[in-house]
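One-letter residues, chain by chain:
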Number of protein chains: 2
Amino acid sequence: MTGIGIIGYGMTKFGEHWDRSLRSLAVEASLEAIKNAGITKSDIQTMYVGNMSGGSFAGQEHLASIVAGSLGLNCPSVRCEAACASGAVTLRSASVAIKSGYDIALVVGVEKMSDLSGGDVASTLMGAADSEWEGFTGLTFAGLYAMIARAHMNKFGTTQEQLAQIAVINHKNAVGNAYAQYPFPIKIEDVLNSAMVADPLTLYDCSPISDGAAAIVLASERIAKKMDPTWLLACEQANDHVALHERSLTEMKSVKLASKVAFSKAGLTQKDIDLAEVHDCFSINEIIGLEDLGFCEKGRGGKFVESGEIEIGGALPVNATGGLKAIGHPVGATGIRQIIDLSRLLKGKAHNKVDGRYGISLNVGGTGATAVTSIVGIENGKV
Amino acid sequence: MTGIGIIGYGMTKFGEHWDRSLRSLAVEASLEAIKNAGITKSDIQTMYVGNMSGGSFAGQEHLASIVAGSLGLNCPSVRCEAACASGAVTLRSASVAIKSGYDIALVVGVEKMSDLSGGDVASTLMGAADSEWEGFTGLTFAGLYAMIARAHMNKFGTTQEQLAQIAVINHKNAVGNAYAQYPFPIKIEDVLNSAMVADPLTLYDCSPISDGAAAIVLASERIAKKMDPTWLLACEQANDHVALHERSLTEMKSVKLASKVAFSKAGLTQKDIDLAEVHDCFSINEIIGLEDLGFCEKGRGGKFVESGEIEIGGALPVNATGGLKAIGHPVGATGIRQIIDLSRLLKGKAHNKVDGRYGISLNVGGTGATAVTSIVGIENGKV
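Every value quoted in this text rests on a predicted model; they were computed, and no experiment measured them. (Residues numbered from 1 in each chain as written. Chains lettered and ligands numbered in written order. Predicted model: local features only at pLDDT ≥ 70, side-chain atom pairs only at ≥ 80, totals over all residues. Heavy atoms only, no water.)

(A) Looking closely at the overall build of chain A. Broken down by element type, chain A carries 14 helices and 11 strands. In terms of overall size, chain A behaves like a compact globule, its C-alpha atoms giving a radius of gyration of 19 Å where 383 residues would be expected to give roughly 21 Å. With respect to the principal axes defined by its C-alpha atoms, chain A has extents near 55 × 50 × 40 Å. Burial statistics for chain A: of 383 residues in total, 67% are counted as buried. (Helix = DSSP H or I, 4+ residues; strand = E, 2+ residues; numbered from the N terminus. Rg over C-alpha atoms; globule rule 2.2 N^0.38 Å. Buried < 20%, exposed > 50% of the residue type's maximum accessible area, 1.4 Å probe, protein only.)

(B) Structural detail: the packing of aromatic side chains. Evaluation of the coordinates by the stated rule reveals 6 aromatic pairs over all chains. Judged by centre distance (6.4 Å) and plane angle (35 degrees), the ring pair of B:F141 and B:Y145 falls under tilted. Of this pair, B:F141 and B:Y145 both sit in helix α6 (residues 141-156), 4 residues apart, which is roughly one turn of that helix. Judged by relative accessible area, B:F141 falls into the buried class, the value being 11%. Joined through ring pairs, the aromatic side chains of A:F141, A:Y145 and A:F282 make up one cluster. (Phe/Tyr/Trp six-rings, centres within 6.5 Å; stacked < 30°, edge-to-face > 60°.)

(C) Highlighting the nonpolar core. With 92 residues, the main nonpolar core has A:M47, A:Y145, A:F282, A:L290, A:F295 and A:I375 as its most contacted residues. With 91 residues, the next largest nonpolar core counts B:A37, B:A129, B:I273 and B:Y358 among its residues. (Core = buried A, V, L, I, M, F, W, Y, C linked by side-chain atoms within 4.5 Å.)

(D) Looking closely at the packing of helix α4 (residues 86-100) of chain B against helix α14 (residues 331-346) of chain B. Residue and element names in this part refer to chain B. Interhelical geometry of α4 versus α14 gives an angle of 60 degrees and a closest axis separation of 5 Å. By the angle between their directions, the pair α4 and α14 is classed as oblique. When α4 is examined against α14, the residues S86, G87, A88 and L91 are found in contact with a partner set consisting of V331, G332, G335, I336 and I339. For the contact of α4 with α14, a count of residues per class yields 5 nonpolar, 4 polar and no charged. (Axes fitted to C-alpha atoms, helices over the stretch in contact; angles between N-to-C directions. Parallel < 35°, antiparallel > 145°, perpendicular 65-115°, else oblique. Contact = heavy atoms within 4.5 Å. Nonpolar A, V, L, I, M, F, W, Y, C, P; charged D, E, K, R; others polar.)

(E) Representation of the relation of the copies chain A and chain B in the model. Expressed as a screw transformation, the operator carrying chain A onto chain B has a rotation angle of 180 degrees and an axial translation of 0.0 Å, and the superposed copies differ by an RMSD of 0.0 Å. Between the two chains, the operation in question is that of a two-fold axis. Relative to the rotation axis, the C-alpha of A:S100 is the closest in chain A, positioned 1.9 Å from it. An overlap of 100% is found between the interface residues of chain A and their copies at the interface of chain B, pointing to a shared contact surface. (Least-squares fit on C-alpha atoms with pLDDT ≥ 70 in both.)

(F) Highlighting the pattern of salt bridges. Evaluated as defined, the whole model comprises 36 salt bridges over all chains. Residues B:R79 and A:E81 are paired through a salt bridge, measuring 3.1 Å at the closest nitrogen-oxygen approach. Within this pair, whereas B:R79 is found in strand β3 (residues 77-81), its partner A:E81 is found in strand β3 (residues 77-81), the two belonging to separate chains. With relative accessibility at 1%, the residue B:R79 sits in the buried group. One salt bridge in this structure joins B:D199 and B:R150, with 2.9 Å as the shortest N-O distance. In this pair, B:D199 is assigned in the loop between β5 (196-198) and β6 (201-202) and B:R150 in helix α6, connecting sequence segments 49 residues apart. Owing to a relative accessible area of 32%, B:R150 belongs among the partly exposed residues under this scheme. (Salt bridge = Lys/Arg side-chain N within 4 Å of Asp/Glu carboxyl O.)

(G) Up close: helix α3 (residues 63-71) of chain B. Of all 9 residues making up α3(B), 8 are buried, and the element is well covered by its neighbours. Along α3(B), the residues that are buried comprise B:L63, B:A64, B:S65, B:I66, B:V67, B:A68, B:G69 and B:L71.

(H) Here's a closer look at the packing of helix α7 (residues 160-174) of chain A against helix α11 (residues 283-292) of chain A. Residue and element names in this part refer to chain A. Across the interface, α7 lies against α11 with an axial gap of 8 Å and an inter-helix angle of 95 degrees. With respect to α11, the element α7 is oriented roughly perpendicular. Facing Q162, L163, I166 and N170 of α7, the residues of α11 in contact are S283, I284, E286 and I287. Of the residues that constitute the contact of α7 with α11, the class distribution is 4 nonpolar, 3 polar and 1 charged.

(I) Representation of the side chain of B:T321 in the model. Tracing the backbone shows B:T321 in the loop between α12 (301-306) and α13 (323-327). If near-sequence neighbours (up to four positions away) are discounted, B:T321 is found in contact with B:N173, B:A174, B:N177, B:E277, B:I327, B:R337, B:D341, B:L345, B:A350 and B:H351.

(J) Representation of unusual backbone geometry in the model. A cis amide bond, omega 15 degrees, links A:D199 with the succeeding residue A:P200. Position of A:P200 relative to the elements: it lies in the loop between β5 (196-198) and β6 (201-202). Even without glycine at this site, B:D115 takes up a positive phi of about 60 degrees. Along the polypeptide, B:D115 turns up in the loop between β4 (104-111) and α5 (121-125). Residue class for B:D115 comes out partly exposed when judged on its relative accessible area of 45%. Notably, B:N319 is not glycine yet its phi reads approximately 50 degrees, a positive angle.

(K) Region of interest: the pairing of strand β9 (residues 275-278) of chain A. All names here are of chain A. Alternating residues of β9 divide into L275 and E277 and A276 and V278, and every residue in both groups is buried. Here β9 pairs with strand β10 (residues 358-365) via 4 bridges, running parallel. If you follow A276 over to β10, its bridge partner there is I360. (Pairing = 2+ DSSP bridges.)

(L) Seen up close, the interface of chain A and chain B. In this complex, chain A contributes 57 residues to the contact, which on the side of chain B involves 57 residues. Across the interface of chain A and chain B, roughly 4000 Å² is buried in total on both sides, 42% from carbon and sulfur atoms. Applying the counting criterion to the chain A and chain B interface returns 6 salt bridges. Linking chain A to chain B there are 40 residue pairs in polar contact (both at pLDDT 80 or more). Put simply, the parts of the chain that give the side of chain A that touches chain B at least two residues each are α2 (54-58), α3 (63-71), β3, α4 (86-100), β8 (230-239) and α10 (253-266) of chain A. For the side of chain A that touches chain B, the element with the most residues is α4(A), which contributes 7 residues. A class-by-class count of the residues in the side of chain A that touches chain B yields 25 nonpolar, 22 polar and 10 charged. Examined bridge by bridge, β3(A) and β3(B) share 3 bridges and lie antiparallel to one another. In the sheet register, A:E81 faces β3(B), and the bridge partner there is B:R79. (Buried area = accessible area lost by both parts, 1.4 Å probe. Polar contact = N/O pair within 3.5 Å; in protein donor to acceptor, adjacent residues only side chain to side chain.)

(M) Structural view of helix α14 (residues 331-346) of chain A. All names here are of chain A. Taking 1.5 Å of rise per residue, the 16 residues of α14 would be expected to cover 22 Å, and the 24 Å separating its terminal C-alpha atoms lies within 8% of that figure. Along its length, α14 reaches its greatest deviation from straightness, about 25 degrees, at R337. Of all 16 residues in α14, 16 are buried; the element is thus mostly enclosed. G348 occupies a position one or two residues after α14 and carries a positive phi of about 70 degrees. (Expected span 1.5 Å × (residues − 1). Bend = angle between axes of the 7 residues up to and from the residue.)

(N) Molecular detail of the confidence of the model for chain A. Mean pLDDT over chain A: 96, with 99% of residues reaching 70 or higher. Reported confidence for the predicted complex is 0.97 by ipTM and 0.98 by pTM. (pLDDT = per-residue confidence, 0-100.)

(O) Structural view of the environment of A:N239. Here A:N239 is to be found in strand β8. Distance from A:N239 to A:R150, taken between C-alpha atoms, is 24 Å for residues 89 residues apart in sequence. Sequence-distant contacts of A:N239, defined by excluding residues within four places in its chain, comprise A:S254, A:A369, A:T370, B:A64, B:S65, B:A68, B:L73, B:N74, B:C75, B:P76 and B:S77. Within the structure, the side chain of A:N239 is placed 2.9 Å from the side chain of A:Q237, a separation counted as a polar contact.

Given below as structure tokens:
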């Protein structure tokens, strides 16, 4: 197959931006991406804006027009939402638009989770779960993922130390990342001794509440081949029930379905992949993600983490720039940030160096109801 | 050009559904559309869900997975949002997917505005305006449209009686519509004497708060030509600034841009159009919409309404099934309901009879920041 060109990208620092609005974050990332692509605003033919809960967090829906208007653009602009997978679902929607005939699309994901207009973050985030079956009972996302972690531990012998190791590796990888919210190293004892949020998940097993934006300019092959892009060889989505009681606790069917299509479209297998961005909203999710992407057997994720293979220098560096855990997780931006970091790593432009031709990303919405698997290559197709 | 087939549709009654959830409304409309199309659920390759504020109204984001899961589907499902134009933006997104290669797409728009989980309707709806420049000041949507109405009256001599006439015609057209929230006739005195909401707009100048869902099955030409569809000859979107102070009060640039592309893609002009669905969230918007769609000169909308040409039997029946005013306005569903009603009218399946080959719809988000103009034909292309 032939891919879609990633011809430019830009992002804000992820963190707490008490003096910034949703709009200003989205515009900063968009303008940087446009500049990085070497195009002008008028080259943009269509726009996609990813955001989970601007309405609840900031009193602002209609964000596709807010961003288009602020950029002075009148082209079609569409907001897409899929909880914590909003970023990748938005990128995929733009890739569908390119396949339908557009030449250049701007994609920007943004979330502003501090300085709320009303409500509280934990309740708003429960809009990503099933409000009637899960939110109604008073569950939080940490609670949902704690049940998943406990089930994985009981079924496969996964240990709290293996979960903690995820946080240690991701924090280590973030050191030196100018965009990261928490670019400092931690020790395994720090994780194990940090406050218990929802047993067995401690504070350091959880990704933070963040503000930030990330933007990408996508281009058709016709345009991109004249530039120096990375290539989006696949960007595939699958969906499943939202409520956890209707699914497996220890396996994400959506990830398996999306990945199968992604590998098939890219003409690649797991063996071809050199690096990965795997959604680590909670440490357990990175372990299950690695299993369901097919990088290790079901139940062996904990051992795979322990083996050191996911560290920089290992067979499959994972979250080599810090992951959601240490870079931060402004939910609408994360899925786009993952693709930017794969592009930077493949081009040798990230703060850490990783050799490779192909990177894969997994962005998950809710506890697995939405999954998007993308494959990025340094060349357009298999080489 | 060739179009995309509208091979099935379904909708719930619009109104106050105190005993129904967001999910159950969306599923009812979806299942009816699937049945009406004569397909099975497994034929659906991709899904799009339109919804403005499930997060604020019902504590439920991630609605694309909620609906996909409830239908037992694992295909890609994307929620799109564009305030009161969410429905048509979602339909357009599905049409882009069909152009990219999908054969069958389910599109469902839904909103549940009564029985809220928190907040109030007027504040949540202000998420469709600019929260920093407009919501912050305490403005409501009726207030914004009142300023637009007053400006149109001052500039062009539009009268309160002409505004009221919109409500009278739309209520008359809703009589006998089994899906309508308010299927009863009203007199011009009823409008003029009803409670003043925001001068010059009275209660009957305003569309109601509604619950409801509307769904359409779209198919590629290859599939649709074996069926008995209507044809989506164009579905075009344009965007503009959200805040009213950055735009004209009396003209919607987004409508002019979207309509120009729609007429061009369909190979038609205003003279070819036999009936119209024009977004009447407030009566003034139907007048400005008719002007900016090019059916009368700028400023002559009031006179055009007075002429009787927009009534059934006139040159251009508008909102022949009742409009947002009398059918109701569950914001995520409206843009899809408009296309269903054009299809029903063109096929002679609506409660009112209107002759014609081509219908046009205008769905507006906010006070004109998003516009989608669609053209539906009984045959695939100009005849």
